[in-house]
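# Geometric and topological summary
Each chain, letter by letter, is given below.
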Amino acid sequence: MIGKGFYQTLASPWLWGILVLAACLPLVLNSYHLHLLTLALVYVALASAWNLVGGMAGQVSLAHSLFIGIGAMLSTALLVKFGINMWAGLVISAAIAGALGAMIAWIDFRFQLGHLSFVLITLAFAEMGAIIVEGWEFLGGASGLLLPRDTGDFWAFQFGGGRGAFWVMLGLAAAVVLVNVAILNAPLGYYLRTIRDNEKAAQAIGVNVLRHKITAMTISAVLTSIVGTCYVRYLTFADPYLLATPTITIEIVLFATVGGLGRAFGPALGALLLVPLGEVLRGQLGGAVPGLHYFIYGVVVIVVILVTPRGLLPLAERAWRSLRRRGPEPRPASAS
């Protein structure tokens, strides 16, 4: 059963107003800025999917590049090698990713892994996945796979260029964020936060830790795989060094942490701010001094974490409440 907070969010005019305004952006933006926002939306969806495990359940998983790689590389290979429609590839990839996510959660529970051990285990899974992708010719190997040209055929899982890809990513990002809202307002969300705060105490009061960990990891893995499939269709090239290495997971963790872990809109805020910032710094400074854009990007992230350890979202919420309390100045009564 989902709490009323989800339905209040769903009925919020602010939410729908922002989505409508965002949907109009492709009509006025040039291709470069549209690409920046599309990329940001991809990471909004990825960071929000990771938040179900890393933020709500407190399990810092570095295995999500494995799920992205399954969604991107496997669905592409099925299309290119066997001609299997990418919609079917999306479903197959998501099912495999969900099964692997459930297995990882079971291993964590079965062997009672601590936080550091869980991080290392998931990193090992991610590295093994990267090695398999780069060494298996069926998945493209180190050279990757090129997808057929995007002609805008929706039934062939084609988006019709930059505008179509933006709208797809906007809808997908909004859906994943709303899944976060729904879970936070459902019993599953309360159980996950209880497990995060004190797993042994949660077991002592009768919380089924194994079931809820598997549920969270499975949902997170399935959503991540779906985003990976949509992302590779947008890129039109399945690059294993971009889509199947742990580096992409580290970026996701960074965005979620800066935005606000365990909050429905925190990872989205972090991705929307940091992805365009990183891309602009790379474009403006990347050729001037080698590595300078990474240095500035790192300084910005460190400052944010030091100033607001719980992320930017609580800071933004306090600023919003302050503005609402202040409100417009009352107009003096006119003399009659």
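As the structure is a computational prediction, the values presented were derived from the model and not from experiment.

## Considerations on the confidence of the model for the protein
- With 96% of its residues at a pLDDT of 70 or more, the protein has an overall mean of 90.
- Highest mean pLDDT in the protein belongs to helix α10 (residues 209–235) (96); lowest belongs to helix α15 (residues 312–326) (80).

## Points about helix α12 (residues 246–259)
- Between its terminal C-alpha atoms α12 stretches 20 Å, which fits the 20 Å expected from 14 residues at 1.5 Å a residue.
- Among the residues of α12, those classed as buried are P246, I248, T249, I252, V253, F255, A256, V258 and G259.
- G260 sits one or two positions beyond α12 and adopts a positive phi of about 140 degrees.

## Let's talk about the nonpolar core
- Formed by 92 residues in total, the largest nonpolar core has its most connected members in Y43 and F255.
- With sequence-adjacent residues up to four places away left out, F255 is seen in contact with Y43, A47, P267, G270, A271, L274, V275 and Y297.

## Focus on a positive patch on the surface
- Taken together, R310, R318, R321 and R325 make up a surface patch of like positive charges.
- Looking at where R321 falls in the secondary structure, it is placed in helix α15.

## Digging into helix α3 (residues 31–54)
- Taking 1.5 Å as the rise per residue, α3 with 24 residues should run 34 Å; its terminal C-alpha atoms sit 34 Å apart, in good agreement.
- Across the 24 residues of α3, 19 count as buried, placing the element largely inside the fold.
- Measuring from the backbone nitrogen of Y32 back to the side-chain oxygen at the start of α3 gives 3.2 Å, which picks out N30 as the cap.

## A look at the packing of aromatic side chains
- Considering all chains together, one arrives at 8 aromatic pairs under this definition.
- Pairing Y43 with F255 gives two aromatic rings, centres 5.4 Å apart and planes at 90 degrees, and the pair type is edge-to-face. Taken together, the residues Y43 in helix α3 and F255 in helix α12 connect sequence positions 212 residues apart.
- Geometrically, the ring pair formed by F82 and F138 is tilted, given 5.6 Å between the ring centres and 35 degrees between the ring planes. On the criterion of sequence distance, the pair formed by F82 in helix α4 (residues 64–82) and F138 in the loop between α6 (115–135) and β1 (145–146) is long-range, its members being 56 residues apart.
- A relative accessible area of 17% means that F138 is categorised as buried.
- Here R110 stacks its cationic end above the ring of F111, 5.3 Å away from the centre of that ring.

## Considering the pattern of salt bridges
- Counted under the stated rule, the structure contains 5 salt bridges.
- E317 is the partner of R263 in a salt bridge, and the nearest nitrogen-oxygen pair spans 2.6 Å. Separated by 54 residues along the polypeptide, R263 in the loop between α12 and α13 (266–285) and E317 in helix α15 bring together distant segments of the chain.
- Overall, E317 belongs to the partly exposed group, its relative accessible area being 27%.
- Ionic pairing is found between E279 and R282, a salt bridge with its closest N-O pair at 2.7 Å. Here R282 and E279 lie together in helix α13, a separation of 3 residues that amounts to about one turn.
- Exposure remark for E279: the relative accessible area of 23% places this residue in the partly exposed category.
- Sharing partners across several salt bridges, the network here consists of D108, E199 and K213.

Parameters and conventions
- Residues numbered from 1 in each chain as written.
- Predicted model: local features only at pLDDT ≥ 70, side-chain atom pairs only at ≥ 80, totals over all residues.
- Heavy atoms only, no water.
- pLDDT = per-residue confidence, 0-100.
- Helix = DSSP H or I, 4+ residues; strand = E, 2+ residues; numbered from the N terminus.
- Expected span 1.5 Å × (residues − 1).
- Buried < 20%, exposed > 50% of the residue type's maximum accessible area, 1.4 Å probe, protein only.
- Core = buried A, V, L, I, M, F, W, Y, C linked by side-chain atoms within 4.5 Å.
- Contact = heavy atoms within 4.5 Å.
- Patch = residues over 30% accessible without salt bridge, like charges linked within 9 Å, V, L, I, M, F, W, Y side chains within 5 Å.
- Areas by Shrake-Rupley, 256 points an atom, 1.4 Å probe, with all protein chains shown as cover.
- Salt bridge = Lys/Arg side-chain N within 4 Å of Asp/Glu carboxyl O.
- Lys, Arg positive; Asp, Glu negative; His and termini not counted.
- Charge placed at Lys NZ, Arg CZ, Asp CG, Glu CD.
- Polar contact = N/O pair within 3.5 Å; in protein donor to acceptor, adjacent residues only side chain to side chain.
- Phe/Tyr/Trp six-rings, centres within 6.5 Å; stacked < 30°, edge-to-face > 60°.
- Lys NZ or Arg CZ within 6 Å of the ring centre and 35° of its normal.

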